[in-house]
Amino acid sequence: MSKLACTCGKIISDVSDSLPYKASFLPDVNCNPFFDWVIDETQSFVTAAVNGSVDEWLLQKGYGQGYVDLKLSHGSIIHDHIHTKYLSLSRDIFECKECGRVLVELSTKNQFTAYTPDSGSYNRVLDGEPPVDAEDL
Ligand SMILES: [Zn+2]
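Just so we're clear, the structure is a prediction, and the values are computed from it rather than from any experiment. Each residue is numbered by its place in its chain's sequence as written, counting from 1. The predicted origin of the model limits local features to residues at a pLDDT of at least 70 and limits the giving and counting of side-chain atom pairs to 80 or more, whereas totals for whole chains, interfaces and linings rest on all residues. Side-chain calculation: all heavy atoms of the structure are included, whereas hydrogens and water are not.

Caption draft 1: Main features of the overall build of the chain. Put simply, DSSP H or I for four residues or longer makes a helix, DSSP E for two residues or longer makes a strand, and each gets a number counted from the N terminus. If you tally the helices and strands in the chain, you get 4 helices and 6 strands. Tracing the chain from N to C terminus, the helices and strands come up as β-β-β-α-α-α-α-β-β-β. In terms of principal-axis extent, the alpha carbons of the chain reach across some 60 × 30 × 25 Å. Between buried and exposed lies partly exposed: a residue is buried under 20% and exposed over 50% of the maximum accessible area for its type, with that area taken using a 1.4 Å probe on protein chains only. Here the chain holds 137 residues, and 31% of them are scored as buried. We get accessible surface area from the Shrake-Rupley algorithm with a probe of 1.4 Å; when it comes to residues, only the shown protein chains can shield them. Carbon and sulfur atoms make up 52% of the accessible area of the chain, which totals about 8600 Å². Charge convention: Lys and Arg are scored as positive, Asp and Glu as negative, and His as well as the terminal groups of each chain are ignored. A charge is said to be at NZ when it belongs to Lys, at CZ for Arg, at CG for Asp and at CD for Glu. Of the charged side chains in the chain, 11 are positive and 20 negative; the average position of the first set lies 7 Å away from that of the second.

Quick look at the structure:
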């Protein structure tokens, strides 16, 4: 997704990383299954790395030969593997800088529902360093 229309009419842009008005979240019901999966997959990968069978591990996990041929570092492979799983279980949230509405992605990707803050204004609730209280706004 690159653009999202808020209920107020403002177009919210999603064309770069580190946006102060965007976040992703892992629904609580997905947290334990995700971290259990991380433990199992990390252990499985480490075993493959120790045994010198990373290429076979990648193919078994559904990666193509083209990916295997990239010969990425172990860290990059683990990053890609975990990040892909995280993206499949997480959802996005955007805060409209015009009206402060928070748009939450539904379980159906790229469909959102909006929530309006009591203040009716942008509160930077998704910023990396959100305001401590309302007086900071
Ligand atoms: Zn808005």
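Caption draft 2: Spatial organisation of helix H1 (residues 28–51). Each helix should span, by expectation, one fewer than its residue count multiplied by 1.5 Å. For H1, built from 24 residues, the straight-helix expectation of 34 Å at 1.5 Å per residue is met to within 8% by its first-to-last C-alpha distance of 35 Å. When we look at burial in H1, the residues that qualify are Asn30, Phe34, Trp37, Val38, Glu41, Phe45 and Ala48. We call two residues contacting when some pair of their heavy atoms lies within 4.5 Å. Buried residues in H1 make contact with helix H2 (54–60) and helix H4 (74–89). Phi turns positive one or two residues past the end of H1, at Gly52, with a value near 70 degrees.

Caption draft 3: Local environment of the packing of H1 against H4. Note on definitions: angles span 0 to 180 degrees between N-to-C directions of axes, and those axes are lines fitted to C-alpha atoms, for helices only across the stretch in contact. Packing of H1 against H4 leaves a shortest axis separation of 11 Å and a crossing angle of 155 degrees. Between H1 and H4, the angle is such that the two are roughly antiparallel. Read as a crossing pair, H1 and H4 show a hand that is right-handed. Listed contacts from H4 to Asn30, Phe34, Trp37, Val38, Glu41, Thr42, Phe45 and Ala49 of H1 are His74, Ile77, Ile78, His81, Ile82, Lys85, Tyr86 and Leu89. Grouping the amino acids of the contact of H1 with H4 by side-chain chemistry returns 10 nonpolar, 4 polar and 2 charged. The scheme is simple: roughly parallel for angles under 35 degrees, roughly antiparallel for over 145, roughly perpendicular for 65 to 115, oblique for anything else. Helix crossings are classified by the rotation of the near helix relative to the far one: an anticlockwise turn of less than a right angle makes the crossing left-handed, while a clockwise turn makes it right-handed. In this count, Pro and Cys sit with the nonpolar residues alongside Ala, Val, Leu, Ile, Met, Phe, Trp and Tyr, while Asp, Glu, Lys and Arg are called charged and the others, Gly among them, polar.

Caption draft 4: The arrangement of the coordination of the zinc ion in detail. Only Cys6 (SG), Cys8 (SG), Cys96 (SG) and Cys99 (SG) from the protein coordinate the zinc ion, and they sit 2.3 Å from it. With water omitted from the atoms examined, metal sites may look incomplete; donors here are N, O and S atoms no farther than 2.8 Å from the metal, or 3.2 Å in the case of Na, K and Ca. Each donor residue of the zinc ion belongs to the same chain, with the gaps between them written as C-x1-C-x87-C-x2-C. Taken together, the residues span a long stretch of sequence, with Cys8 in the loop between strand S1 (3–5) and strand S2 (11–13) and Cys96 in the loop between strand S4 (91–95) and strand S5 (102–105) at a distance of 88 residues. A residue is classified by how much of its surface remains accessible, and Cys96, at 0% relative accessible area, is buried.

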